[in-house]
Amino acid sequence: MGRAPGTTPGRFGSETGPPGAGRSAPDAADVRRLPETAAALTVRRAVREWLSRFGPGENQEQAVAVALSGGADSLALTAVAVVETNAVDALVVDHRLQPGSGAVAAEAAAQALALGCRSARVLAVEVGTEGGMEAAARRARYAALDAARNGLPVLLGHTLDDQAETVLLGLARGSGGRSIQGMAACAEPWGRPLLDVRRETTRQLCADLGMTPHDDPHNAAPEFTRVRLRTEVLPLLEQILGGGVAPALARTAEQLREDGVVLDALAAELLHTASDGQALVIETLATAPAALRKRAIRAWLLAGGAKALTTKHLQAVDELVTAWRGQGGVAVGGGTPGSRLVAGREHGRLTLRLGEDGHRRR
C-alpha cells in the first residue's frame, strides 16, 4: 500500500507548506520506508491491525484523516499512517489558547506534508467556557475535525497511557461500568489505533525518525486533573503496586467494553419487548434484571430527546418503576425553551413528555 512520494497535496485548499518546512523532519521518501526499529514496528503493527478491523474495504480507497497536534503521539501516528494507507489528510486544530499557537499549528501542518500527507489543514477554533476549559476545548476540537474530515475516518493519537488516565477519571465519577470502559478503538468517525501502544514508544519513534515533537505546556500544567493523574497518581500507583498499572487499567476497560456490547444487545431486546408506542410497560421493566432495565431506560430516554443524562437522573427514573410511591415525574435534560422533558408514570406505563414543571405529579 501507499502513495508515491511527492504527490501534490490538495483537496482542502488551505494547505500549509512547502514540504520539508517546519521543525526538523526527514525527507518524505525516507520517512515512507521507516526505520526497522522496535518502536516503528510496534506502531506499524498497531495501525495495520486497526485498518484490518475497521478500515475501508479493499474495493475502496484506503484514505484517512489524522488529527495532528504536533505532539509525539499524533506525529508518530501520522508518519505510520502515510506508509500504511493510500492517502492521509492531516487536520491540525489551533485552539488559540496560548500565544504562538498559530505558529505551532503551522509547523505541525508543514511536518505533515514533509511526512508525505496528501494535505494538511489548520483549523482555528473558538473555545468556550462551559464545563471548564478542558471540556470546552474538546468539544471545539471534535466539532472542527468532524466538519473538516470530508467523509473520512479520523485517526486520533490516544495511547494506552491515555486510556489508563481515562479509566481513572471515569472511576472517580462513579457512574458505573460505562464510565470506566475508556475509549473505543473505533467509534465512527473516530479511530484510535494506538490504544495498545505506550506513550514512550511514540516518543521513541519520533527520535528514530529524527523529528522533534511539540510539547504542549498544558500537558504539564498541574491545574488540570488529567495532568496530575499522569504525573502524580499513576507513578505512585506503579510504585506501590509494583508496576503494570496502566496496562491493567487498559485491559479492564477492554473487558468492560466487551461486556457492555452484550448487555446493550440484551437491553435492546428488553426495550423492544417493553415498548407500547412511545411508552414502556412498567411490569415488563420491573421483572427484568437491574443491569438490563437501566440500560433499556437510558436508551429510551436518549431516543426521546434527553440530554446530558446523569446517574442521578437514571436512578430517579428507575425508581418510578421499582420504588413507586406516588412520586412526581423526573425532569431530564432536553426539551424546548420553557418546557422540560419529563419522565413519569401513568397507568402502568413509563412516559416521556414535555412539561413546564419537572416535579409535577404523574
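Residues numbered from 1 in each chain as written. Predicted model: local features only at pLDDT ≥ 70, side-chain atom pairs only at ≥ 80, totals over all residues. Heavy atoms only, no water.

Asks: When you look at the sheet that holds strand β6 (residues 190-191) in this model, what are you seeing that I'm missing?
Replies: Backbone hydrogen bonds hold the strands of a sheet together, and the pairing may be parallel or antiparallel. Spatially, six strands are ordered β3-β2-β1-β4-β6-β5 in an open sheet, and the strand pairing comes out mixed. The sheet is open, and its two edges are formed by β3 (119-124) and β5 (186-187), each paired on a single side. Relative to β6, strand β4 (residues 154-155) runs parallel, the two sharing two bridges. Across the sheet, residue L155 finds its bridge partner in β6, namely G191. Against the sheet, helix α3 (residues 72-84) engages β1 (63-67), β2 (87-94) and β4, with an angle of about 165 degrees to β1. (Pairing = 2+ DSSP bridges. Helix = DSSP H or I, 4+ residues; strand = E, 2+ residues; numbered from the N terminus. Contact = heavy atoms within 4.5 Å. Axes fitted to C-alpha atoms, helices over the stretch in contact; angles between N-to-C directions.)

Asks: Looking at this structure, how should I read the packing of helix α2 (residues 38-54) against α3?
Replies: What describes two packed helices is the angle between their axes and the distance between those same axes. Put simply, α2 and α3 touch, their axes get as near as 9 Å, and they point 60 degrees apart. Judged on the interaxial angle alone, α3 and α2 are oblique. Where α2 crosses over α3, the handedness of that crossing is right-handed. Contacts from V43, R44, V47, R48 and L51 in α2 reach A76, L77, V80, V83 and E84 in α3. When grouped by side-chain class, the residues that make up the contact of α2 with α3 number seven nonpolar, no polar and three charged. (Parallel < 35°, antiparallel > 145°, perpendicular 65-115°, else oblique. Left-handed = near helix turned anticlockwise from the far one by under 90°. Nonpolar A, V, L, I, M, F, W, Y, C, P; charged D, E, K, R; others polar.)

Asks: Sorry if this is basic, but what is going on with the UniProt feature "binding site: ATP" (unreviewed entry) in the chain here?
Replies: What UniProt calls "binding site: ATP" (unreviewed entry) maps, in this numbering, to S69, G70, G71, A72, D73 and S74. Assignment of secondary structure puts G71 in the loop between β1 and α3. Excluding residues that lie within four positions of it along the chain, G71 makes contacts with P213 and H214. Structurally, the position occupied by D73 is in helix α3. For D73, a relative accessible area of 15% translates into the label buried. (UniProt positions renumbered as here; feature names shortened; annotations may be inferred. Buried < 20%, exposed > 50% of the residue type's maximum accessible area, 1.4 Å probe, protein only.)

Asks: Sorry if this is basic, but what is going on with the pairing of strand β11 (residues 349-355) here?
Replies: Consecutive side chains of a regular strand alternate in pointing toward one face of the sheet and then the other. Pairing between strand β8 (residues 279-281) and β11: two bridges, direction antiparallel. Within the sheet, the bridge partner assigned to L280 lies in β11 and is L350. As paired strands, strand β10 (residues 339-346) and β11 are joined by seven bridges and run antiparallel to one another. The residue of β11 that forms the bridge with R340 is G355. Here β10 folds back onto β11 in antiparallel fashion, the turn holding two residues, of which H347 has a positive phi close to 50 degrees.

Asks: Explain the pairing of strand β9 (residues 330-336) to me, please; I cannot follow it from the model alone.
Replies: Relative to β10, β9 runs antiparallel, the two sharing five bridges. Within the sheet, the bridge partner assigned to V330 lies in β10 and is A343. Joining the antiparallel neighbours β9 and β10 is a turn of two residues, in which G338 adopts a positive phi near 90 degrees.

Asks: Looking at this structure, how should I read the sheet that holds β11?
Replies: Overall, antiparallel pairing links the five strands, which are arranged β7-β8-β11-β10-β9 in an open sheet. Whereas interior strands pair on both sides, the edge strands pair on one side only; in this sheet they are β7 (275-276) and β9. Sheet analysis places β7 next to β8, joined by two bridges and oriented antiparallel. Of the residues in β8, the one forming a bridge with D276 is A279. Here helix α11 (residues 290-303) sits on the sheet and contacts β8, β10 and β11; the angle it forms with β11, its principal contact strand, is near 30 degrees. Lying on the sheet, helix α12 (residues 311-322) is in contact with β9, β10 and β11; it crosses β9 at an angle near 115 degrees.

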